[in-house]
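So you can see what is in the structure, the chains are spelled out below.
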Amino acid sequence: MQKRQHFDTAAYLGVGKREEIHQYVNMASVGDVNDNAASDPIEAILVDHEISPSQARNLEKAVGCPVMDRTMVILEIFHRNARSPAARAQVEIARLGYMAPRLREMAKLAGPQGRQRSGVGGRGAGESHTELDRRKIRDRIAELQLDILAMEADRQIQRARRQERRSQAAVALVGYTNAGKSTLMRALTGSEVLVANKLFATLDTTVRALYPESVPRVLVSDTVGFIKNLPHGLVASFKSTLDEALDAALLLHVIDASDPGFERQLDVTVDVLAEIGAQDIPRMLIFNKIDHVGDAVAQAECAARLNAKYPACIVMSARRPDDVARLHQVIVNFFQQDLIEDELFLPWTAQQLRSDIYANCNVLAERADAQGAYFRVNGEAGMLQALRERLGLAT
Ligand SMILES: Nc1nc2c(ncn2[C@@H]2O[C@H](COP(=O)(O)OP(=O)(O)OP(=O)(O)O)[C@@H](O)[C@H]2O)c(=O)[nH]1
Ligand SMILES: [Mg+2]
């Protein structure tokens, strides 16, 4: 521990601390005097802050092992976890964006060699290695952005199709990384979604229907986890992943109640939601992992405290089926508030649409005459309108 007025401009940490870490690194690799066995060697020093390339290099030299700053660590995690082409492209853009300004600094550190000219390849006259690299990076970023635009177009089509098929009954699970969103998603939809006790396990949005199915049918989407001080380049590249959240009629903000830092994590999520323009979407606070908060007494106390501080919140554990069922009911209730009662007419000539009516609405009563069947239903207004149009067209 150390208190300093400023970070050291040359190497982030002062001389004394650098030496202390150097000894620590050494000790871990060779073992100390009393303890003849060496412990696990230290592979890297992580700095929870952004540092300049020259600071990183000087610090590495002083402590004798690689140094990674916060952005680099997050990028590395994102890189290892990105699955879909869209997420991969987004991560690569972020990585290139992180590298570009650093190349210039590295060239400065490397001295005249970094700026050496050479006439080989397609390089313009007098263009340095770094300029060439930077141009390549710019081109690559432009290329990736085009790819993403194309993928985005696909996604919009898929989204439009989903909305056309169904109403707007969509909920998105949002929240800090590791809060349990994917676990809840799986519990609520009965689907297999990647759940892992690691940060940023989910990078791609997945959409599934609430199960058991309800009327209206509710789509649930899982989203990438939020984190405080997310490097700005990353916020931009992941915005499209979070777009799905913007389509939702209801946000379930999942919080790990067993994490001592949950209040800060809650604030971070609220801030990010505001940044992406989701502040007006109705939101429910879901305090998860209550089973992980000490014994039964501690759990009850914690739940009482949360209920007092956050009225209308839900305190639960994704591992308790009863809790999941309760949340399922709360979600269904939310969407059923907006249901209206109506009558639909289905001519005998269009009986193939009968199953659509049953799939989309609660049928309260049915009667028939010479022309066709009449259904007394309750359902979501927009969906009823769409259904009526289709029934009309089928006549
Ligand atoms: N004890 C306990 N553990 C839980 C609960 N819900 C989730 N977990 C665990 O918490 C870890 C993270 O869960 P995930 O569902 O992957 O979390 P996430 O919010 O999707 O995380 P990211 O995708 O990284 O944003 C996993 O090890 C889960 O098994 C819960 O209610 N109780
Ligand atoms: Mg997840």
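Note: the structure precedes this text.
Per chain, the residues get numbers from 1 upward, laid out in the order the sequence is written. Both sets of labels track the order of writing: A upward for chains, 1 upward for ligands. Confidence filtering applies because this is a predicted model: local features only for residues at pLDDT of at least 70, side-chain atom pairs given and counted only at 80 or more, and all residues used for totals across whole chains, interfaces and linings.

**Student:** Any details on the pairing of strand β3 (residues 170–175)? Residues and values, ideally.
**Tutor:** The buried fraction of β3 amounts to six of the six residues, a majority that puts the element mostly inside the structure. Both faces of β3 are covered, namely the face carrying Ala170, Ala172 and Val174 and the face carrying Val171, Leu173 and Gly175. When DSSP locates at least two bridges between a pair of strands, those strands are taken to pair. Going along the chain from the N terminus, every DSSP run of H or I of four or more residues is numbered as a helix, and every run of E of two or more is numbered as a strand. Bridge analysis of β3 against strand β5 (residues 219–222) gives four bridges, and the strand direction is parallel. Looking at β5, one finds that Leu173 is bridged to Asp222. Inspection of the sheet shows β3 paired to strand β6 (residues 250–256) by five bridges, in the parallel sense. Paired with Ala172 across the strands is Leu251, a residue of β6. In this scheme every C-beta is placed from the backbone, and a residue whose C-beta has 20 or more other C-beta atoms within 10 Å is buried, one with 12 or fewer is exposed, and one in between is partly exposed.

**Student:** Outline the sheet that holds strand β7 (residues 283–288), listing residues and values.
**Tutor:** Read from one edge to the other, the open sheet built from six strands follows the order β4-β5-β3-β6-β7-β8, with strand pairing classed as mixed. In the strand order of this sheet, the two ends are held by β4 (206–209) and β8 (314–315), each with one partner. With respect to the sheet, helix α6 (residues 181–189) is in contact with β3, β4, β5, β6 and β7, its orientation differing from that of β5 by roughly 160°. We call two residues in contact whenever the C-beta atoms placed from their backbones are within 7 Å. Each axis is a line fitted through C-alpha atoms, and for a helix only the stretch in contact is used; angles between axes span 0 to 180 degrees, taken between their N-to-C directions.

**Student:** Account for the sheet that holds strand β10 (residues 362–368), naming residues and giving values.
**Tutor:** Strand order across the open sheet formed by three strands is β9-β11-β10, with antiparallel pairing between neighbours. The open sheet has two edge strands, β9 (339–347) and β10, and neither has a second partner. With direction set aside, neighbouring strand axes in the sheet form an average angle of 20°. Sheet analysis places β9 next to strand β11 (residues 372–380), joined by nine bridges and oriented antiparallel. Its bridge partner lying in β11, Leu344 is registered against Phe375.

**Student:** Hey, could you go over the pairing of β6 for me, with residue numbers and the actual values?
**Tutor:** Buried residues dominate β6, accounting for six of its seven residues. As judged from the six bridges shared by β6 and β7, these two strands associate in the parallel manner. Of the residues in β7, the one forming a bridge with Leu252 is Met284. As a crossover connection, the stretch from β6 through helix α8 (residues 262–275) into β7 is right-handed. The path from the first strand over the helix to the second decides the hand: if it runs clockwise while the strands point away from the viewer, the crossover is right-handed.

**Student:** How would you sum up the packing of helix α1 (residues 15–30) against helix α2 (residues 53–63)? Please name residues and give values.
**Tutor:** Interhelical geometry of α1 versus α2 gives an angle of 55° and a closest axis separation of 8 Å. Judged on the interaxial angle alone, α2 and α1 are oblique. Residue-level contacts link Arg18, Ile21, His22 and Val25 of α1 to Leu59, Ala62 and Val63 of α2. Classifying every residue of the contact of α1 with α2 by side-chain character gives five nonpolar, one polar and one charged. The labels follow the angle: roughly parallel below 35 degrees, roughly antiparallel above 145, roughly perpendicular from 65 to 115, and oblique for the rest. Lys, Arg, Asp and Glu make up the charged group, whereas Ala, Val, Leu, Ile, Met, Phe, Trp, Tyr, Cys and Pro make up the nonpolar group; the residues left over, Gly among them, are polar.

Purely spatial values, then, with no claim about function.
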